[in-house]
Amino acid sequence: MRYNNCMQFISASDSQPAIVALSKRLQGELHAGKQVLWLLSGGSNIQASVTIMRELAPELTANLTIMLGDERYGEVGHIDSNDAQLLGAGFDPKQATLIQVLQPGMSFTATRDNYELSALQAFTDADIIIGQFGIGSDGHIAGILPASPAVTSLAFVA
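Residues numbered from 1 in each chain as written. Predicted model: local features only at pLDDT ≥ 70, side-chain atom pairs only at ≥ 80, totals over all residues. Heavy atoms only, no water.

A.B. asks: I tried to follow the overall build of the chain on my own but got confused; where do I start?
C.D. replies: When its secondary structure is counted, the chain shows five helices and four strands. For the chain, the succession of helices and strands along the chain, N to C, is α-β-α-β-α-β-α-β-α. Looking at the chain as a whole, 33% of its 158 residues qualify as buried. The long-range share in the chain, meaning contacts at least 24 apart out of those at least 6 apart in sequence, stands at 73%. Carbon and sulfur atoms make up 56% of the accessible area of the chain, which amounts to about 9,800 Å² in all. (Helix = DSSP H or I, 4+ residues; strand = E, 2+ residues; numbered from the N terminus. Buried < 20%, exposed > 50% of the residue type's maximum accessible area, 1.4 Å probe, protein only. Contact = heavy atoms within 4.5 Å. Areas by Shrake-Rupley, 256 points an atom, 1.4 Å probe, with all protein chains shown as cover.)

Structure follows, in structure tokens:
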């Protein structure tokens, strides 16, 4: 597996420049016939994701896989679920593969293990991985709070 570590950080007073840039990049990669993995996060990104997806032609979405980069554990569709909030806001995956993090009756450990396997497969299958993340008002990114053990843990360092 080969990764090209390029990241574009877009800082703006409103989300429109980021929406335009991300939409343009997704369309370009999909037009080029690439298998694209789009990692989404919840919160303030939900409406932007809905807007971006609306702009993608249905036929382009066949090579698109969508997965949440953050989700809150619980029963499928629970009130704090980013997936439920995204779909409730009108997100339509069209022909894309939407990887569901939460599964009915699955324990926390089983959910974590299933997510890990699903992510590994999605990363392996993708020609390009595009992550869309925001920064919460408390400084969190993808559910990771500043100064939390997740910031400094070496548990997942290869």
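Text resumes after the structure shown.
A.B. asks: Looking at this structure, I do not really get the pattern of salt bridges. What am I missing?
C.D. replies: Two side chains that carry opposite charge are able to pair once their charged atoms sit near each other. All told, the structure shown has three salt bridges when counted by the stated rule. The salt bridge partner of glutamate 29 is lysine 34, with a shortest N-O separation of 3.1 Å. Judged by relative accessible area, which is 10%, glutamate 29 ranks as buried. According to the relative accessible area criterion, lysine 34 is partly exposed, its value standing at 33%. For aspartate 113, the salt bridge goes to arginine 112, with nearest N and O atoms at 3.3 Å. Connected through shared salt-bridge partners, Arg25, Glu29 and Lys34 make up one network. (Salt bridge = Lys/Arg side-chain N within 4 Å of Asp/Glu carboxyl O.)

A.B. asks: Can you help me understand the nonpolar core in this one?
C.D. replies: Inside soluble globular proteins, nonpolar side chains tend to come together where they are buried. In this structure, Leu26, Trp38, Met53, Leu64, Ile66 and Phe91 are the most contacted members of the largest nonpolar core, which totals 24 residues. Where this core is concerned, the elements lending two or more residues are α1 (16-31), β1 (36-40), α2 (45-55), β2 (64-68) and β4 (128-131). At five residues, α2 tops the list of elements feeding residues into this core. For leucine 64, the contacting residues outside a window of four places in its chain are Leu26, Leu30, Val36, Trp38, Met53, Leu56, Ala96 and Thr97. One finds Leu39, Met67, Ile99 and Ala119 within the second-largest nonpolar core, a separate group that totals seven residues. (Core = buried A, V, L, I, M, F, W, Y, C linked by side-chain atoms within 4.5 Å.)

A.B. asks: What should I look at first to understand the pairing of β4 in this one?
C.D. replies: Moving residue by residue along a regular strand, the side chains alternate between the two faces of the sheet. Here β4 shows a clear split, with Ile128 and Ile130 buried on one side and none of Ile129 and Gly131 buried on the other. As defined by bridge partners, β1 adjoins β4 across four bridges and the pair is classed as parallel. The residue of β4 that forms the bridge with leucine 39 is glycine 131. (Pairing = 2+ DSSP bridges.)

A.B. asks: Mind showing me how you'd approach the pairing of β1 here?
C.D. replies: Burial of β1 is extensive: five of the five residues sit out of reach of the surface. Judged by which residues are buried, β1 turns out to be covered on both faces: Val36, Trp38 and Leu40 on one side and Leu37 and Leu39 on the other are all buried. Regarding topology, α2 serves as the crossover connection from β1 to the parallel β2, and that connection is right-handed. (Right-handed = clockwise from strand over helix to strand, strands pointing away.)

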